[in-house]
Amino acid sequence: FGYRSVGRLHPDFHTLSVLGFLLGGGKSSLLRKKLMREQEIFHSLSAGMSNSFDPDLFQIIGVPAEDIEHEKARQILLQTLDRIRADGLPEQEMQKVINRLEIINYYSDISLDNRAEELCFFAALGKPEMINEEYDRYKAIQIDDLNRCAKQYLDLSHCSELTYLPAEEDKLSV
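Residues numbered from 1 in each chain as written. Predicted model: local features only at pLDDT ≥ 70, side-chain atom pairs only at ≥ 80, totals over all residues. Heavy atoms only, no water.

A. Here's a closer look at unusual backbone geometry. Its identity is not glycine, yet E40 carries a phi of approximately 55°, on the positive side. Summarising the element assignment, E40 is placed in the loop between α2 (30–38) and β2 (42–48). (Helix = DSSP H or I, 4+ residues; strand = E, 2+ residues; numbered from the N terminus.)

Listed below in structure tokens is the structure:
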């Protein structure tokens, strides 16, 4: 699924970035934990968006488990996203993501190459001072911000879907 998203300078960018980590950015992310480990619906699952200057897509990409039909996996994923949009996200999960970003930020500061690359990126945006504000933007995110963005951006009316299915002869040879 590709949901219409925002560019790097939009006020919701950092919140959507955290939402991507929270939903599908690691083994303990919500979708991977629920739909891969607990229910074994998907073989692989990820969520997030790129660091693009321009408006982009918030992507959720999944490969169903071998014994799960595509449409069943699709429906379960959509139902899970609907529940997240309706019930909201757990605050403790958000805090885990913020802590993880703090560690990433700390270690990226150690490398001079990383800092130089980030500075060039922000300079290309016309805002080199953002290099010093980046982590503070993540720390300022509240659970209400995440829930608002989940409701606003993870809406099927703003979504494009691309499905790759194996050819019938490929299914038979597996």
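B. Focus on the environment of Q79. Relative to the elements of secondary structure, Q79 occurs in helix α3 (residues 70–87). In this structure Q79 comes out as partly exposed when scored by relative accessible area, which is 42%. Remark: the alpha-carbon pair of Q79 and A124, spanning 45 residues in sequence, is separated by 40 Å. (Buried < 20%, exposed > 50% of the residue type's maximum accessible area, 1.4 Å probe, protein only.)

C. Here's a closer look at α3. The terminal C-alpha atoms of α3 lie 26 Å apart, and with 18 residues this matches the ideal 26 Å at 1.5 Å per residue to within 8%. When we look at burial in α3, the residues that qualify are A73, R74, I76, L77, L78, T80, L81 and I84. Where the residues of α3 are buried, they touch β1 (2–4), α1 (13–24), α2, β2 and β3 (57–64). Backbone geometry just downstream of α3 places G88 in the positive-phi region, at approximately 90°. (Expected span 1.5 Å × (residues − 1). Contact = heavy atoms within 4.5 Å.)

D. Here's a closer look at the pattern of salt bridges. Per the counting criterion, the structure on display carries 8 salt bridges. Its salt-bridge partner being D12, residue R148 comes within 2.7 Å of it at the nearest N-O pair. Taken together, the residues R148 in helix α7 (residues 143–153) and D12 in the loop between β1 and α1 connect sequence positions 136 residues apart. Residue R85 is joined to D82 by a salt bridge in which the shortest nitrogen-to-oxygen separation is 4.0 Å. Separated by 3 residues within a single helix, R85 and D82 lie in helix α3, roughly one turn from each other. Exposure remark for R85: the relative accessible area of 21% places this residue in the partly exposed category. Here the salt bridges do not stand alone but share partners, grouping K33, E93 and K96 into one network. (Salt bridge = Lys/Arg side-chain N within 4 Å of Asp/Glu carboxyl O.)

E. Main features of the state of the cysteines. One pass over the structure, following the stated rule, counts 0 disulfides. C149 takes part in no disulfide bond, and the closest cysteine sulfur to it belongs to C159, at a distance of 16 Å. Look at C159 and you get buried, because its relative accessible area is 19%. (Disulfide = S-S within 2.5 Å.)

F. Representation of the nonpolar core within the structure. Residues L23 and F58 are the most contacted members of the largest nonpolar core, which totals 43 residues. For this core, the secondary structure elements donating two or more residues are α1, α2, β2, β3, α3, α4 (91–110), α6 (134–139) and α7. Leaving out residues up to four positions away in the same chain, L23 has contacts with S29, L30, L31, R32, A47, F58, L81, I84, L89 and L154. The next biggest cluster of nonpolar side chains, apart from the first, holds 5 residues, and it includes F121, F122, L125 and M130. (Core = buried A, V, L, I, M, F, W, Y, C linked by side-chain atoms within 4.5 Å.)

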